[in-house]
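One letter stands for each residue in the lines below.
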Amino acid sequence: MALTRKISRNMQRQVDLTTAVCQERLLSTHVRHVLALVDLVSEELPFDSALDIYARILRLTPEQARNVGSRALAAIGRRSGLTEADELNLDLEDDELEESGDRGSEEGRFDAVFSRVRRRIRGRVKDDLRQTINLAAARAEDSLFETHVQNALVFGKALAEEVPLHEAVDLYLDVMAIPEGVSDVIFNRSLRIVADDVLPPMDASRVPRRGDDGRSVAAPSAAPAAEPAPAAGPAS
């Protein structure tokens with residue numbers, strides 16, 4: 001749900017600046033996990049194949065994949081001791097794209113590259129490597145989710161003087177075009193974090209517990225205080 005009120009010029013500028021910050025945070029998260037995947041599969045797959053797999057599993061657009069790949073290559077270059085001038089020459093390998101001779105849409109060429117990579121993997125990658133890729137992708141998805149939650153809170157803080165928290169979080173989800181199912185979870189998680197900070201803690205004894213059958217069960221009552229022991233009589 002986008003903002004229903006008119007956005008002032010100052011607020012629009014704040015939204016633009018905050019959006020850029022949040023996009024950079026997401027890009028950094030992608031780069032960190034691409035590098036982790038590249039390290040994990042370096043003995044089985046080259047960099048470009050690992051990047052293509054990551055991009056498809058994480059549903060990156062071709063433009064996002066290029067940005068993530070360029071950043072990752074630059075990071076690898078710094079690991080190898082390359083100078084900043086050398087880093088300017090780093091770019092993604094497009095050999096397979098050039099061999100195809102297809103100059104159609106970028107998305108079509110990207111899908112063609114991934115299809116070739118996927119066919120090679122299906123034929124020769126072991127199950128343990130496949131599992132490594134799946135586990136790495138799951139870890140990346142979870143990390144990106146947490147980044148979205150933190151970004152939503154960044155939006156809330158940046159726009160606190162203009163709109164209430166729930167509208168700022170909604171605006172973040174709208175700007176980032178996050179799918180509805182995922183956006184609902186991010187929205188609730190973001191507000192839950194703030195709730196834990198500003199609301200009084202819940203009394204655990206008042207929270208209904210549920211048994212194995214799903215029915216509510218009464219919370220165990222406190223044990224009665226022990227009666228004081230009778231005073232000892234006089235020694236005989």
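These figures come from a predicted structure and were not determined experimentally. (Residues numbered from 1 in each chain as written. Predicted model: local features only at pLDDT ≥ 70, side-chain atom pairs only at ≥ 80, totals over all residues. Heavy atoms only, no water.)

**Points about the pattern of salt bridges**
Tallying each qualifying case throughout the model produces 5 salt bridges. Where Arg59 meets Glu141, a salt bridge forms, and the shortest distance between an N and an O atom there is 3.1 Å. One end of the pair, Arg59, is in the loop between helix 2 (47-57) and helix 3 (62-79); the other, Glu141, is in helix 7 (residues 127-158), with 82 residues separating them in the sequence. You can call Arg59 exposed: its relative accessible area is 58%. Under the relative-accessibility criterion, Glu141 is labelled partly exposed at 30%. (Salt bridge = Lys/Arg side-chain N within 4 Å of Asp/Glu carboxyl O. Helix = DSSP H or I, 4+ residues; strand = E, 2+ residues; numbered from the N terminus. Buried < 20%, exposed > 50% of the residue type's maximum accessible area, 1.4 Å probe, protein only.)

**Focus: the confidence of the model for the protein chain**
With 64% of its residues at a pLDDT of at least 70, the protein chain reaches an overall mean of 79. Segment residues 90-104 is flagged for pLDDT under 50; beyond a separation of four residues in sequence, or across chains, it makes 23 contacts in the model. (pLDDT = per-residue confidence, 0-100. Contact = heavy atoms within 4.5 Å.)

**What to know about a negative patch on the surface**
Taken together, Glu43, Glu44, Asp127 and Asp128 make up a surface patch of like negative charges. For Glu43, the position within the fold is in the loop between helix 1 (9-41) and helix 2. For Glu43, a relative accessible area of 75% corresponds to the exposed category. (Patch = residues over 30% accessible without salt bridge, like charges linked within 9 Å, V, L, I, M, F, W, Y side chains within 5 Å. Areas by Shrake-Rupley, 256 points an atom, 1.4 Å probe, with all protein chains shown as cover. Lys, Arg positive; Asp, Glu negative; His and termini not counted. Charge placed at Lys NZ, Arg CZ, Asp CG, Glu CD.)

**Points about the packing of helix 7 against helix 8 (residues 165-175)**
At their nearest, the axes of helix 7 and helix 8 sit 8 Å apart, and the two run at 125 degrees to each other. In terms of their interaxial angle, helix 7 and helix 8 are classed as oblique. For helix 7 against helix 8, the interelement crossing comes out right-handed. Facing helix 7, whose interface residues are His148, Asn151, Ala152, Phe155 and Gly156, helix 8 presents Leu165, Ala168, Val169, Leu171 and Tyr172. Per-class residue counts for the contact of helix 7 with helix 8 are 7 nonpolar, 3 polar and no charged. (Axes fitted to C-alpha atoms, helices over the stretch in contact; angles between N-to-C directions. Parallel < 35°, antiparallel > 145°, perpendicular 65-115°, else oblique. Left-handed = near helix turned anticlockwise from the far one by under 90°. Nonpolar A, V, L, I, M, F, W, Y, C, P; charged D, E, K, R; others polar.)

**Here's the deal with the environment of Ser49**
Within the secondary structure, Ser49 is located in helix 2. When its relative accessible area of 2% is taken as the criterion, Ser49 is described as buried. With 11 residues separating them in the primary sequence, Ser49 and Val38 have C-alpha atoms 9.1 Å apart.

**Section: the nonpolar core**
Within the largest apolar cluster, 46 residues are counted, with the highest numbers of intra-cluster contacts made by Tyr54, Leu159 and Tyr172. Residue assignment for this core shows that the elements contributing at least two residues are helix 1, helix 2, helix 3, helix 7, helix 8 and helix 9 (180-198). Per-element accounting of this core gives the leading share, 11 residues, to helix 1. Excluding residues within four positions of it along the chain, Tyr172 makes contact with Cys22, Leu26, His148, Asn151, Ala152, Phe155 and Ile178. (Core = buried A, V, L, I, M, F, W, Y, C linked by side-chain atoms within 4.5 Å.)

**Quick word on the side chain of Thr29**
Take Thr29: it is sitting in helix 1. At a separation of 3.0 Å, a polar atom in the side chain of Thr29 contacts the main-chain carbonyl oxygen of Arg25. Setting aside anything within four residues of it in sequence, one finds Thr29 in contact with Ser143, Leu144 and Thr147. (Polar contact = N/O pair within 3.5 Å; in protein donor to acceptor, adjacent residues only side chain to side chain.)

**Here's the deal with unusual backbone geometry**
Its identity is not glycine, yet Arg59 carries a phi of approximately 60 degrees, on the positive side. Positioned with a positive phi, Ala177 is a non-glycine residue whose angle comes to about 55 degrees. Mapped onto the elements, Ala177 comes out in the loop between helix 8 and helix 9.

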